[in-house]
Amino acid sequence: MATCGRGCVPAVRFCQRLNRLKTLDDDLMVTSMKRCLTMVDLALLGVGGMVGSGLYVLTGTVAKDTAGPAVVLSFLIAGIASLMAALCYAEFGARVPRTGSAYMFTYVSCGEIWAFLIGWNVVLEYMIGGAAVARAWSGYLDSMFNHTIQNYTENHIMKWNVPYIAHYPDLLAAGILVVATIFITFGVRVSSWLNHIFSAISLVVILFILVFGFVLADPVNWSQKEGGFAPFGVNGVMAGTATCFYAFVGFDVIAASSEEAKNPQRAIPMATAISLGMAATAYILVSTVLTLMVPWHSLDPNSALSDAFFRRGYSWAGYIVAVGSICAMNTVLLSNLFSLPRIVYAMAEDGLFFSFFAKVNPVTKVPVNAILVFGLLMAVMALIFDLEALVQFLSIGTLLAYTFVAASVIVLRFQPEKEKTSSKANFTMSPNSNPEPSPEVSESQIIAQDSGELKEYESFSDKLQLVEMQKTRERSAPGVLKARWEPYLGRLLGDFEPGEVVAFSVLAVMVSSVSLCAVFVFGSNQLQLPTWSFALLIVVFGSTFLLCLVIIYAHEPHVNTKTFQVPLVPFIPGASILMNVFLMLKLSPMTWIRFTVWVAAGLLVYFGYGIWHSKEGLRELQPKDMAARYVVLPSGSLVETVQSVQPNGQRDASTLHTTSSPSAEEQQAKR
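What comes next is a walk through the structure. In this text, all values refer to a predicted model and were calculated from it rather than measured experimentally.

## A look at the overall build of the chain
Then comes step 1: For the chain, the count of helices and strands is 25 helices and six strands.
Then comes step 2: Split into buried and exposed, the 671 residues of the chain put 50% on the buried side.
Then comes step 3: Taking all contacts inside the chain whose residues are at least 6 apart in sequence as the whole, residues at least 24 apart take part in 79%.
Then comes step 4: Surface accessibility of the chain: about 31800 Å² in total, with carbon and sulfur atoms responsible for 64%.

So, in structure tokens, the structure goes:
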């Protein structure tokens, strides 16, 4: 047994290296970047990231093919589902105002390798998203000129016939990405003002669509004569919700910008709520206007809004809508180019990615290397890949990031507070120790450390009082079972360490949600389960999911009034996990195959570079802080030993001793 234990030590240490957590600085507001973004700046960044091509393309596609006029309900439900994920991002962005978004949040709560994989996949999502928007931007502009650009490129430059590759190189899409990349390198204020301009134009066009569209609205288009309000039924509404959910992807740009916010504790939650509310309102009202202007079954999925005005005889309004759509796509493009380099910078700053990307320009205060390299890679993708091939691989990494962020909120909410003091007290009864005589000292021992600073250590009696106080506080400490639940769960869960039950319960929530969603998605068709088996599995996995949430709720949480906290934890993050897992399982098998290949490539990068250059790993190799050790001798005197704790358990040879003088009673006995 002992041999097996010794043989398992390397494996245990390796797992500990993979799951080490990021150590945050004492002052999270200190940064090499420039904190200049206000709440308005962040809110417009969020609106720009969400209200883009989806407003002008997705509304018509879902209305015609999936939900009909009930697309309004699809956007409403999708907005509520997105709000659950957005609240989790808002709490982390206010609590940990560091760039990196989901990567940083996972690193703080779950572990290093999970954080790297989340960051690795979010980087790919931003690259694909930016390239896809650039492709849609060029296609929309080209369609306004009767595809003149495409015809010229195919006839005079180049034409391909390769699977998953575009039929022609989209020079316009690549060019707009290169220009946008150059502007992003000028600094966060330039990027913010560009986003302000395009967002303002887009919002004015949306307001025009709403006012003029309601003037042209005809309630007959929602009547039974045209198929009714929900021609595809409840299934159509829910299928439309799954598609409309991706319209709200982009609010995480606010959390990614938290290191450049002036007052992140207040600005991040407020900007998240405002931007998501504005985006949801825009989607719901525009889809209402669109389906009231023309019959839903006659919509053009590629350019529904502009085509609706053309068909009503207002061609000039169609051109205004086209201008608004191009400006909206520009805001999404800027949002992707703004967020992507900052996640790469955060990974490089932590040593998990190449240090070349961690350099910040001293003038513009932005990671120029990351912006240029990944902006050009995005342009290359837009140049050669087809829009359909790009969109097929979109969203899986984002949904995975949403899932981990929701789980991280639960873990951190119930995690015990870490000790921030640099000293640790260990009490040892030493029957054979022989103290050396020393002069009388005061109740508190003041010892000069190597750094020259003075450190005060309390006396042994004070330490005993602190221990007693700690025992009384443990009942209300985070991660401990609540007092009112002890009669029911105390015998079963009372002996675990604080936060340990919550950690296992979060893992069980993840497993049960995957199992429950898998039965929903694959049970009837692919697995062909009988009705009784299908119902039994739903009850078992659903009950397990709810039971784990109740067990988590039965523990004491952190109560922090200084920063925003998600309400109804763990139920809102749990619902977010369930929704994200369901949407991930609805993706195509080819998307999962590509995702697996990308993850394998990321693991090669991590084990080839990241694990060896991780700053958390290097911090483990450095000497730990000074530790105070109290030894009680048989004579009743107290010896205090101050030692430097080494990572391998070894201690410095140099040791400082202070010995308290014997008591008066002991001196009388000796006489």
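## Topic: the nonpolar core
Then comes step 1: Among the nonpolar cores identified, the biggest contains 150 residues, and Y56, Y89, F248 and F353 are the most heavily contacted of them.
Then comes step 2: Sequence-distant contacts of Y56, that is, excluding residues within four places in its chain, are made with S202, V205, I206, I209, S303, A304, L305, V321, G324, S325 and A328.
Then comes step 3: Residues L42, V188, A261 and F338 belong to the second largest nonpolar core, which totals 13 residues.

## Quick notes on the packing of aromatic side chains
Then comes step 1: Across all of its chains, the model carries 36 aromatic pairs by this definition.
Then comes step 2: Ring plane angle 35 degrees and centroid distance 5.7 Å describe the contact between F208 and F212, whose orientation is recorded as tilted. With a gap of four residues between them, F208 and F212 both fall in helix α9 (residues 188-215), about one helical turn apart.
Then comes step 3: Taking the relative accessible area as the measure of exposure, F208 reaches 21% and is therefore partly exposed.
Then comes step 4: Considering the side-chain rings of F310 and Y319, the 5.7 Å spacing of their centres and the 80 degrees angle between planes classify their relative orientation as edge-to-face.
Then comes step 5: Overall, Y319 belongs to the partly exposed group, its relative accessible area being 47%.
Then comes step 6: One Lys or Arg, R342, reaches over the ring of F338 and ends 3.8 Å from the middle of that ring.
Then comes step 7: Its guanidinium or amino end placed over the ring of Y553, K482 lies 4.2 Å from that ring's centre, counting from NZ or CZ.

## A few points about the pattern of salt bridges
Then comes step 1: Scanning the entire structure with this criterion turns up nine salt bridges.
Then comes step 2: A salt bridge links R98 to E259; the nearest nitrogen and oxygen atoms lie 3.3 Å apart. Placement of R98 in the loop between α4 (71-95) and α5 (102-109) and of E259 in the loop between α11 (252-256) and α12 (264-293) is noted, with a sequence separation of 161 residues between them.
Then comes step 3: Among the ionic pairs, D170 bridges to R135, the shortest N-O distance being 3.5 Å. Here R135 lies in helix α6 (residues 112-144) and D170 lies in the loop between α7 (148-156) and α8 (171-184), a separation of 35 residues in the sequence.

## Examining the packing of helix α14 (residues 315-349) against helix α15 (residues 368-384)
Then comes step 1: Axis separation between α14 and α15 bottoms out at 9 Å; the angle between their running directions is 125 degrees. Relative to α15, the element α14 lies oblique. As for how α14 packs across α15, the hand of that crossing is right-handed. Contact with α14, carried on its side by L337, L340, P341 and V344, involves A370, I371, F374, G375 and M378 of α15 and no other residues of that element.
Then comes step 2: Tallied by class, the residues present in the contact of α14 with α15 amount to eight nonpolar, one polar and no charged.

## A short note on α8
Then comes step 1: Helix length check: α8, at 14 residues, gives a terminal C-alpha distance of 20 Å against a target of 20 Å (1.5 Å per residue), a fit within 8%.
Then comes step 2: Those residues of α8 that sit buried are A173, A174, I176, L177, A180, T181 and I184. On an axial view of α8, the arc spanned by its buried residues comes to 160 degrees, and they lie on one face.

## Observations regarding α14
Then comes step 1: Between its terminal C-alpha atoms α14 stretches 52 Å, which fits the 51 Å expected from 35 residues at 1.5 Å a residue.
Then comes step 2: Taking burial as the measure, the 35 residues of α14 include 29 buried ones, the bulk of the element.
Then comes step 3: Positive backbone phi, at 85 degrees, marks G351, one or two positions downstream of α14.

## Some remarks on unusual backbone geometry
Then comes step 1: Here the bond from V569 into P570 is cis, since omega is 15 degrees, no more than 30 degrees from zero.
Then comes step 2: Here P570 is to be found in the loop between α21 (531-553) and α22 (571-585).

What counts, and at which threshold
- Residues numbered from 1 in each chain as written.
- Predicted model: local features only at pLDDT ≥ 70, side-chain atom pairs only at ≥ 80, totals over all residues.
- Heavy atoms only, no water.
- Helix = DSSP H or I, 4+ residues; strand = E, 2+ residues; numbered from the N terminus.
- Buried < 20%, exposed > 50% of the residue type's maximum accessible area, 1.4 Å probe, protein only.
- Contact = heavy atoms within 4.5 Å.
- Areas by Shrake-Rupley, 256 points an atom, 1.4 Å probe, with all protein chains shown as cover.
- Core = buried A, V, L, I, M, F, W, Y, C linked by side-chain atoms within 4.5 Å.
- Phe/Tyr/Trp six-rings, centres within 6.5 Å; stacked < 30°, edge-to-face > 60°.
- Lys NZ or Arg CZ within 6 Å of the ring centre and 35° of its normal.
- Salt bridge = Lys/Arg side-chain N within 4 Å of Asp/Glu carboxyl O.
- Axes fitted to C-alpha atoms, helices over the stretch in contact; angles between N-to-C directions.
- Parallel < 35°, antiparallel > 145°, perpendicular 65-115°, else oblique.
- Left-handed = near helix turned anticlockwise from the far one by under 90°.
- Nonpolar A, V, L, I, M, F, W, Y, C, P; charged D, E, K, R; others polar.
- Expected span 1.5 Å × (residues − 1).
- Arc of directions from axis to C-beta.

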